[in-house]
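Read off the chains here:
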Amino acid sequence: MPRFFVPSANFDGDTVRITGDDARHIARALRMAVGETVTVCDMHGTTHTCVLEKITDDGSTARIVESVPSDTEPPYPITLYQAFPKGDKMELIIQKAVELGACEIVPVMTKRTVVKLSEEKKINKRLERWQSIAYAAAKQCDRGIIPTVHKPVSYEEALAMADQLDYNVIPYELQTGMEEARKIVDQACKQRSLGIFIGPEGGFEPEEVERAMTRNIHPMTLGKRILRTETAGMALLSILMFQMQGE
C-alpha cells in the first residue's frame, strides 16, 4: 500500500489532504483511483489507513478509516551522533541509520574529523540532500516518522545535546570487556531516550572519550575487530533493534 508523510496542518477531522509531489505521484505515476487505499503518516507516530475520495495533480483528499500507533518505530527515540566521515559516507550512514530505527542523526566535528565545512551555503546544500535521503529511507522501510538530520555541530555541542537524553553510549576501540558491553546494551534498552556517539576515521582522541565519561556517557567495546566509522553505528543499532523488537 502506498505510504505518504503528511504534516498535521493537512488533517481536518477524519479527512486528510495530500499535496505537492505526493499528489502528483498518486495521480500520474501510481494512477490511483477514487476508492483505493493509501497509508498516511502524520509524522508524530500515528499511521492512518485512508480511502481516496478526490484525486488531482494539485492535491488529493482522503478519508481516514483507521488510525493506529506506528508499530515500526522503536520504543523510544535514538539519536546517532556521527563523527563527520570523508566522501559520501554520510549518505550511506543516514540511509541505514533510518532503516535501523534512528530518530535523529547529528553530524559531529571531532578532533580527527578530516572534512571541514566552513561555508553556510555548502552546509545547507548537504543538509537538504541528507534530509531527502532520510525521507526516502523512511518511506522505503515503513517508518512512522521522518527522522531529522541536523546541521553539523562541534563535539562539545553534541555532548550538551546528549545531556537531554536519559542514556548515552560511546563505542571505543580501546575499550575492553564484552560482559560489561552486554550490560550496557541491556541498560540502554530500558531507557526512555538514547544517544550513540560514533567516532571518525582514526577514532576518538582519548581525551574526547574521557570528556564523554565526565558527562556520564558509557564507553563500550563492539568486539575485537576495529569497525569502520560507517559500520560501527550500524552494528550497534542492529544489536539494539534486535533487543528491543517486540512481537
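In what follows, the structure referred to is the one given above.
Let me sum up the structure you'll find in this document. Per-chain numbering applies: the sequence of each chain, read as written, is numbered from 1 onward. Totals for whole chains, interfaces and linings use all residues, but because this is a predicted model, local features are given only for residues with pLDDT of at least 70 and pairs of side-chain atoms are given and counted only at 80 or more. Side-chain numbers here rest on the full set of heavy atoms in the structure, without hydrogens or water.

As for the environment of Val185
Threshold: Numbering of helices and strands runs from the N terminus; a helix is a DSSP stretch of H or I covering at least four residues, while a strand is a stretch of E covering at least two. By definition in these notes, contact holds between two residues if any of their heavy atoms fall within 4.5 Å.
Along the chain, Val185 falls in helix α5 (residues 178-188). The spacing of Val185 and Leu127 is 58 residues in sequence and 31 Å in space, taken between C-alpha atoms. Setting aside chain neighbours within four positions, we find Val185 in contact with Met220, Leu236, Ile239, Leu240 and Gln243.

Notes on the packing of helix α4 (residues 155-162) against helix α6 (residues 206-214)
Just so we agree on the cut-off: Fitting a line to C-alpha atoms yields each axis, with helices limited to the stretch in contact; the angle taken between N-to-C directions then spans 0 to 180 degrees. When describing relative orientation, an angle under 35 degrees is termed roughly parallel and one over 145 degrees roughly antiparallel, while 65 to 115 degrees is termed roughly perpendicular and anything else oblique. Take the far helix as your reference; a near helix turned counterclockwise from it by less than a right angle gives a left-handed crossing, and one turned clockwise gives a right-handed crossing. When residues are grouped by polarity, Ala, Val, Leu, Ile, Met, Phe, Trp, Tyr, Cys and Pro land in nonpolar, Asp, Glu, Lys and Arg in charged, and all others, Gly among them, in polar.
Remark: α4 packs on α6, axes separated minimally by 11 Å, with the N-to-C direction vectors making an angle of 25°. By the angle class used here, α4 and α6 are roughly parallel. Crossing handedness for the pair α4 and α6: right-handed. Of the residues in α6, those in contact with Tyr155, Glu156 and Leu159 of α4 are Glu208, Val209, Arg211 and Ala212. Looking at the contact of α4 with α6 residue by residue, the class counts come to four nonpolar, no polar and three charged.

Things to note about helix α1 (residues 20-29)
Stated formally: Using a 1.4 Å probe on the protein chains alone, a residue whose accessible area is under 20% of its type maximum counts as buried, one over 50% counts as exposed, and one in between counts as partly exposed. This arc is built from the directions going out from the helix axis to the C-beta atoms.
Within the span of α1, buried status applies to Asp22, Ala23 and Ile26. In a view along the axis of α1, the buried residues occupy a sector of 105°, so they form one face of it. Exposed residues on α1 whose side chains face more than 90 degrees from its buried face are Asp21, Arg28 and Ala29. Directly beyond the C-terminal end of α1, a positive phi value near 50° is found at Arg31.

A short note on the nonpolar core
A general feature of soluble globular proteins is that nonpolar side chains tend to end up buried together. Quick reminder of the rule: Grouping buried Ala, Val, Leu, Ile, Met, Phe, Trp, Tyr and Cys residues that are joined through side-chain atoms within 4.5 Å yields what is termed a nonpolar core.
Counting residues in hydrophobic clusters, the biggest one holds 38 residues, and the most contacted among them are Ile94, Leu194 and Ile196. Elements represented by at least two residues in this core include exactly β7 (78-83), α2 (89-99), α3 (120-140), β11 (167-171), α5, β12 (194-198) and α7 (229-244). With seven residues, α7 is the single largest residue contributor to this core. If we skip the residues at most four places from it in the chain, Ile94 touches Ile105, Trp130, Ile133, Ala134 and Val149. Ranked by size, the runner-up nonpolar core spans 16 residues in total, among them Val108, Ala158, Tyr172 and Ala212.

Notes on the pattern of salt bridges
Basically, it comes down to this: Salt bridges are counted wherever a side-chain nitrogen of Lys or Arg sits within 4 Å of a carboxyl oxygen of Asp or Glu.
Summed over the entire model, instances satisfying the criterion amount to 18 salt bridges. With a shortest N-O distance of 3.3 Å, Glu207 and Lys111 are connected by a salt bridge. Here Glu207, found in helix α6, pairs with Lys111, found in the loop between β8 (104-109) and α3; they are 96 residues apart in sequence, far enough to count as distant. Classification of Lys111 by relative accessible area gives exposed; the value is 54%. Between Glu179 and Arg182 there is a salt bridge whose closest N-O contact spans 3.8 Å. Highlighted residues: Glu179 and Arg182, both in helix α5, separated by three residues, approximately one helical turn. What you see here is one network of salt bridges that share partners, running through Glu156, Asp163, Arg211 and Arg215.

Comments concerning the pairing of β8
What counts here: The pairing criterion for strands is at least two bridges between them, as found by DSSP. By convention, a crossover is right-handed whenever its connection, traced from the first strand over the helix to the second and viewed with the strands pointing away, goes clockwise.
Across five bridges, the pairing between β7 and β8 is parallel. The residue bridging Thr79 from the neighbouring strand is Glu104, located in β8. With respect to chirality, the unit in which β7 leads through α2 into the neighbouring parallel β8 is right-handed. With two bridges joining them, β8 and strand β9 (residues 148-149) adopt parallel strand pairing.

Overview of the packing of aromatic side chains
Stated precisely, the cut-off is as follows: Two aromatic rings, drawn from Phe, Tyr or Trp (for Trp, its six-membered ring), form a pair once their centres lie within 6.5 Å of each other, and the interplanar angle then sorts them: stacked below 30 degrees, edge-to-face above 60, tilted otherwise.
With the rule as written, the count across this model stands at five aromatic pairs. A ring pair is formed by Tyr155 and Phe197, whose centres lie 6.3 Å apart and whose planes are at 80°; its orientation type is edge-to-face. In this pair, Tyr155 sits in helix α4 while Phe197 sits in strand β12, placing the two residues 42 residues apart along the sequence. Of the residues examined, Phe197 reaches a relative accessible area of 1% and is grouped as buried. Ring pairing ties together the aromatic residues Tyr81, Tyr155, Phe197 and Phe204, which thus form one cluster.

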